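# Coordinate analysis (summary)
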Amino acid sequence: MEMKLPGQEGFEASSTPTNVSAGELDSDLGPGPGPSPDGPSATESKELGVPKDPLLFIQLNELLGWPQALEWRETGRWVLFEEKLEMAAGRWSTPHVPTLALPSLQKLRSLLAEGLVLLDCPAQSLLELVEQVTRVESLSPELRGQLQALLLQRPQHYKTTGTRPCWGSTHSRKASDDEEAPLREQRQNPLRQKLPPGAEAGTVLSGELGFLAQPLGAFVRLRDPVVLGSLTEVSLPSRFFCLLLGPPMLGKGYHEMARAAAVLLSDPQFQWSVRRASNLHDVLAALDAFLEEVTVLPPGRWDPTARIPPPKCLPSQHKRLPSQQREIKGPTVPCLTSAEDRHRHDPHAPSPELQRTGRLFGGLFQDVRRKAPWYPSDFLDALHLQCFSAVLYIYLATVTNAITFGGLLGDATDGAQGVMESFLGTAVAGAAFCLMAGQPLTILSSTGPVLVFERLLFSFSRDYSLDYLPFRLWVGIWVATFCLVLVATEASVLVRYFTRFTEEGFCALISLIFIYDAVGKMLNLAHTYPIQKAGSSAYGCLCQYPGPGGNESQWTRTRPKDRDDILSMDLGLINASLLPPPECTRQGGHPRGPGCHTVPDIAFFSLLLFLTSFFFAMALKCIKTSRFFPSVVRRGLSDFSSVLAILLGCGLDAFLGLATPKLMVPREFKPTLPGRGWLVSPFGANRWWWSVAAALPALLLSILIFMDQQITAVILNRVEYRLKKGAGFHLDLFCVAMLMLLTSVLGLPWYVSATVISLAHMDSLRRESRACAPGELPNFLGIREQRLTGLVVFILTGVSIFLAPVLKFIPMPVLYGIFLYMGVAALSSIQFTKRVKLLLMPAKHQPDLLLLRHVPLTRVHLFTAIQLACLGLLWIIKSTPAAIIFPLMLLGLVGVRKALERVFSPQELLWLDELMPEEERSIPEKGLESEHSFSGNDSEDSELMYRPKAPEINISVN
């Protein structure tokens, strides 16, 4: 009967370990001081803000070769998961969840109960430790000497030299001879790089000895961790030592008992308890607690040779906390400072950024005081190679966005604004925002909703014969005024009502705009460069037949014998310039003199570049979680995925040498509209009262700016991103208001937070743990919060006007492919997309999502259908003359979400969405029924709702 072991995630330490002596056997060595403070440990101990235990590396050494030549060989190792040495194949197995036979644990318990247990042993070397564990009455002096010599024999560690696996030297030299100087192989072991600083070792020795009459078991916890020579393959200070020896027995009794001991030490719960054990009873109680939590797999219902792969997400360990840790949890809560820790302790508590002060501009002043201490680190934290990759990626996306929206703005305003204004405005507004904003990771840009409003405002000005830029100036002044009023009254606290329902609708709309624009641009290319007929050559050139003098043109490659040979040959195998004029015309060419001129199929090759950049960027981003290449290579390819995709597209375009449309960058620094300066006249040809009438459209635009800016801010500042420097909703809106005033005076486009590019910016700055145990996925640590990447991006955008000789070689189809990648990746990462897929899946093929365990499928589909209807309505309104009310429709999403409280219960909304502030206050009164409604393992699912997850709305989710 096999058992599936409890979760393998680390636990916290609640107090200083008890200082105990090792018993009478240690009296001659004298009492020692208490144990040193424990070093760093696993994740959840950090979450509760208490001391942590070091990570433990466990190695199993077995005594092989009885009765001929005895030697110790390493056969297994554990960090979080088990790795077995496959001797026949000459390699380590893949990390897997260990399974044990129940009798092995029972035999181990009996052996420890009757054996030797030393706690806080003061031994400082392997020799002293061996003397301690062999000081047993049942051993005669002769047997004790033989056993000590055997235990001091250096073990053979498996290693790889080049491409050939081999063992260490097989001599019987004592490990104590050079225990003070770890072997070179130990220091160079690549496993050491996967272990965090402060890690400790535990060693389990087992085997069969014919000269022993009865089993010998010993468990030792060293008072001070010490390096025991070459006992372990990695040079680490050892904390635990377990010895399991005895006379020969049938089967693999000692091997399985040794595996059981190693698995126990690798379990964080047992390890936490045994570190603080004061006597044998405490050790056995920890083992019994382990046995109470194991899951039994019935025999005959599974394959014992199968290996269970490590889970992608380890379950919460809070329920396995011992009572001492639970008592400590309460007093440590005030020590929690980050927003993530506060959210974990009280999921419904509003963040301090969204609490009213009751004073005029009180929220703004609080944001400034909160962000000021972080200002120096906002630049120092950017000194990392990852930031360089982020700059290249976001710079190209920003330049492409500026050119795309600049061109669209020029079409919408008949040249009143254009690419030059787009470049200058993006550089000035973006750089100023990065220097002053509360959330500098935000990327400002022209957005689809604002562009729609610009088009409507220009149409209104044209219909009423108004001077557009002066009228637009007053609209911008009124918008800045209204936004300042919103900042003064702390209206940003209303973003608490922006639940995931609103965020997903807005994010899906912006992502679809990116996808629609990218595909639309490619379709426009097909109209500009018509696709050639099926019979025409896809690639030809202008060639000349040889003249009378017999000199052939340099472009002529072959010359057919006669006209029949020309017509009988496939066009893909000959030069199309050899066709006679009638056949040239029939095949889609253009006769020119004695030759036939064929134009390469630009649309076809543009589509090739478009798809190449898109799929290559997606593939490189996904390679991070693949099994190919070392982790360093995978991480580098993933970080530079977009840059490499663009370089590949540029290289392919240069290799083909085709006249594909290239990136157009302004070459002169002057306004697009001839005859105007950079400062806009306040009135121009307009009457003065139009400056007052501009307040009405400004009110609608203010709603749009507030919704566009704050929804993006809420998405970027979600607790899942583990931001440590806090948000600045009021400060961000204040900066946007000031920039609205500046850009209106200069006649530049209006800018707000760009959702997709900002999410891409944050994704390119994801921090993940580098020291990962074998089988463990990298832990998401947060975002590299700083101001420098955005600042450099916008400075480069301004300088791009002078980089035209370089940027002109970038094909536009390649950049459209990157736009498509950003839209598709953002759209596919939100829960809304997953629920849309459920509509097309039969129930038996649906994934085991947590929400499907607690919400009926019909209710899930109803919620998704409502979201789809809202998204479709937003798209229709955006695309029709009724787009003037588009800001009100965005605000209406909050109203629709509020109305859903009459359709869905709070428990259903808790799983499908998030609770609004009023619902959160009502949950403690009537929400206990939801907690009691969960049974069995489902009770663990309720914890997952408030556990920090990897960001749910971002560009690449593992």
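Counting starts from 1 at the beginning of each chain's written sequence and moves along it residue by residue. With pLDDT at 70 or above as the cut-off, local features in this predicted model cover only qualifying residues; side-chain atom pairs require 80 or more to be listed or tallied, and sums for whole chains, interfaces and linings still use all residues. Side-chain calculation: all heavy atoms of the structure are included, whereas hydrogens and water are not.

Looking up the protein chain in an unreviewed UniProt entry gives the name Anion exchange protein, with the organism given as Sapajus apella. UniProt positions are given in the numbering used here, feature names are shortened, and annotations may be inferred rather than shown by experiment. Per UniProt, the protein chain has the following entry under Sequence similarities (unreviewed entry): "Belongs to the anion exchanger (TC 2.A.31) family."

Criterion for a salt bridge: a side-chain nitrogen of Lys or Arg within 4 Å of a carboxyl oxygen of Asp or Glu. Applying the stated criterion to the full structure yields 24 salt bridges. A salt bridge links Arg835 to Glu504, with the nearest nitrogen and oxygen atoms 3.1 Å apart. In this pair, Arg835 sits in helix 30 (residues 831-838) while Glu504 sits in helix 17 (residues 500-528), placing the two residues 331 residues apart along the sequence. Partly exposed residues are those whose accessible area sits between 20% and 50% of the maximum for their type, while under 20% is buried and over 50% is exposed, using a 1.4 Å probe and protein chains only. Of the residues examined, Arg835 reaches a relative accessible area of 0% and is grouped as buried. What emerges from the salt-bridge pattern is a single network uniting Asp378, Asp381, Lys725 and Arg787. Only runs of H or I of at least four residues qualify as helices and only runs of E of at least two qualify as strands under DSSP, and these elements are numbered from the N terminus.

Running from amino to carboxyl end, helix 14 (residues 419-436) crosses helix 27 (residues 788-799) at an angle of 160°, the nearest separation of the two axes being 8 Å. As far as their axial angle goes, helix 27 and helix 14 are roughly antiparallel. When the axes of helix 14 and helix 27 are compared, the crossing they make is left-handed. Within the contact between the two elements, helix 14 uses Phe423, Thr426, Ala427, Gly430, Ala431, Cys434 and Leu435 and helix 27 uses Gly790, Leu791, Phe794, Thr797 and Gly798. When residue character is reported, Ala, Val, Leu, Ile, Met, Phe, Trp, Tyr, Cys and Pro are called nonpolar, Asp, Glu, Lys and Arg charged, and the others, Gly included, polar. Tallied by class, the residues present in the contact of helix 14 with helix 27 amount to seven nonpolar, five polar and no charged. Helix axes are fitted to C-alpha atoms over the stretch in contact, other axes to C-alpha atoms as well, and angles between N-to-C directions run from 0 to 180 degrees. For classification, angles of less than 35 degrees are called roughly parallel, those exceeding 145 degrees roughly antiparallel, those between 65 and 115 degrees roughly perpendicular, and all remaining angles oblique. Here a crossing is taken to be left-handed if its near helix is turned anticlockwise relative to the far helix by less than a right angle, and right-handed if that turn runs clockwise. Throughout, a contact is declared for two residues whenever any of their heavy atoms are within 4.5 Å.

Throughout this description, the term nonpolar core refers to a set of buried Ala, Val, Leu, Ile, Met, Phe, Trp, Tyr and Cys residues connected via side-chain atoms within 4.5 Å. Grouped together as the largest cluster of nonpolar side chains are 133 residues, with contacts concentrated most on Val475, Leu701, Ile705 and Met822. Not counting residues within four places of it along the chain, the set of residues in contact with Ile705 comprises Val450, Val479, Cys483, Gln710, Val736, Met740 and Val752. Within the second largest apolar cluster, 34 residues are counted, among which are Trp78, Leu105, Leu244 and Tyr254.

Expected helix span is taken as 1.5 Å per residue step, with the number of steps being one fewer than the number of residues. Given a rise of 1.5 Å per residue, twelve residues ought to cover 16 Å, and the 16 Å separating the end C-alpha atoms of helix 27 matches this to within 8%. Among the residues of helix 27, Thr789, Gly790, Leu791, Val793, Phe794 and Thr797 are the ones counted as buried.

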